[in-house]
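Structural overview for review
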Amino acid sequence: MRRKLVVGNWKMHGSRPVNAQLLSALVGARPYGCDVAVCVPFPYLSETAVALTGSDLRWGSQDCSAHEQGAFTGEVSAGMLAEFGCRYAIVGHSERRQFHQEGDQLVADKAKAALGKGVTPIVCVGETLAQREAGDTEAVVKRQLSAVIHTLAHCAGEMVVAYEPVWAIGTGRTATPEQAQAVHALLRAQLLAATPRASEMKILYGGSVKPDNAATLFSQVDIDGGLIGGASLKAADFIAICRAAG
Ligand code: PEP
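I will try to describe carefully the structure that is included in this document.

What to know about the overall build of the protein
Counting secondary structure elements, the protein contains ten helices and eight strands. Taking 246 residues into account, the globule formula puts the C-alpha radius of gyration at 18 Å, and the protein, at 17 Å, falls close to it. Dimensions of the protein, computed from the C-alpha atoms along their principal axes, are close to 45 × 45 × 35 Å. Per-residue burial over the protein gives 52% buried out of 246 residues. Partitioning the contacts of the protein with sequence separation of at least 6, the portion at a separation of at least 24 is 71%.

So, the pattern of salt bridges
Counting across every chain of the model gives 17 salt bridges. For Arg-2, the salt bridge is made with Asp-224, and the minimal N-O distance between the two is 2.8 Å. Taken together, the positions of Arg-2 in the segment before strand 1 (5–9) and Asp-224 in the loop between helix 9 (211–218) and strand 8 (225–228) put the pair 222 residues apart, joining distant regions of the chain. When the shortest N-O distance is used, the salt bridge between Asp-35 and Arg-3 registers 2.8 Å. Here the residue Asp-35 occupies a position in strand 2 (residues 35–39), and Arg-3 occupies one in the segment before strand 1, the gap between them amounting to 32 residues.

Regarding the sheet that holds strand 7 (residues 203–206)
Within the closed barrel, the eight strands sit side by side as 1-2-3-4-5-6-7-8. Their pairing is parallel. Sheet twist, expressed as the average angle between the axes of neighbouring strands with direction ignored, equals 25°. One ladder, built from four bridges, connects strand 5 (residues 120–125) with strand 6 (residues 160–163); its direction is parallel. Considered in strand 6, the bridge of Val-123 is made with Val-161. Across the sheet, helix 5 (residues 104–116) is in contact with strand 4 (88–91) and strand 5; its angle to strand 5 comes to roughly 160°. Relative to strand 7, helix 8 (residues 177–192) is tilted by about 150°, and along the sheet it contacts strand 5, strand 6 and strand 7.

Observations regarding the site of the ligand
Surveying the vicinity of the ligand reveals 14 residues, the closest of which are Lys-11, Glu-164, Gly-170, Ser-208 and Gly-230. With respect to the ligand, the side chain of Glu-164 contributes an N or O atom lying 2.7 Å from an oxygen atom. Notes on the ligand: free accessible area 290 Å², of which the protein chains cover 98%. For the shell around the ligand, a count of residues per class yields four nonpolar, eight polar and two charged.

Some remarks on helix 5
For helix 5, with 13 residues, the first-to-last C-alpha span of 18 Å sits near the 18 Å given by 1.5 Å per residue. Regarding helix 5, the residues found buried are Asp-104, Val-107, Ala-108, Lys-110, Ala-111, Ala-113, Ala-114 and Leu-115. Count one or two residues on from helix 5 and you reach Gly-118, which has phi positive near 80°.

Parameters and conventions
Residues numbered from 1 in each chain as written. Predicted model: local features only at pLDDT ≥ 70, side-chain atom pairs only at ≥ 80, totals over all residues. Heavy atoms only, no water. Helix = DSSP H or I, 4+ residues; strand = E, 2+ residues; numbered from the N terminus. Rg over C-alpha atoms; globule rule 2.2 N^0.38 Å. Buried < 20%, exposed > 50% of the residue type's maximum accessible area, 1.4 Å probe, protein only. Contact = heavy atoms within 4.5 Å. Salt bridge = Lys/Arg side-chain N within 4 Å of Asp/Glu carboxyl O. Pairing = 2+ DSSP bridges. Axes fitted to C-alpha atoms, helices over the stretch in contact; angles between N-to-C directions. Near = heavy atom within 4 Å. Polar contact = N/O pair within 3.5 Å; in protein donor to acceptor, adjacent residues only side chain to side chain. Areas by Shrake-Rupley, 256 points an atom, 1.4 Å probe, with all protein chains shown as cover. Nonpolar A, V, L, I, M, F, W, Y, C, P; charged D, E, K, R; others polar. Expected span 1.5 Å × (residues − 1).

Function-wise, these values are silent; they only describe arrangement.
Rendered as structure tokens:
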């Protein structure tokens, strides 16, 4: 039985007083019965670490450089994330793929860099609406995951995968539990062919998860929790989603 994992992706939201309130609400609402983490903007890592240390809540970043160090202005390395106690780094989020032209190999290199420093990459894959309507969902997510599997090689079993249909992110339009499960099953089969650890690996669903749809999504056999955007900014909603996974 895989323990569920719920991860909040704050995106570029927050402020020091708002974060302090949110984090203290999350700590106060424990226990959840599942693993819980928040992926925060880089400048807030330090205070997030202070707020969550001593609890079983984890934290992470929303990106990670593929490089170890050097002249890469604006980038943050996996080693730096590890220094701030990051357990996770989201890589390949569709907003990075879309607005920063990140391709499959770069995403895979970022995942490798994270793992190299003991930071678990949460690798996002997912199709656009046009790709779904063209019947290309399977080919797209397989291609995205395949680049990471090949690059991580024998360490592939250590990543977390997040299926996030682009058309469901921040749109209020959620994949039905059946649609999501169908893609998760494909991803699980691909992982099974690549690593003996596939049956223990977590595959999260992300895309407009809310308190009222979380339980049904999380009850699907290959859905091991969620990557939560908008709803992770509201303590009551995020707590309710974590409880639905517990
Ligand atoms: C996300 O940003 O990863 C996400 C799933 O966003 P939302 O929950 O707002 O759709």
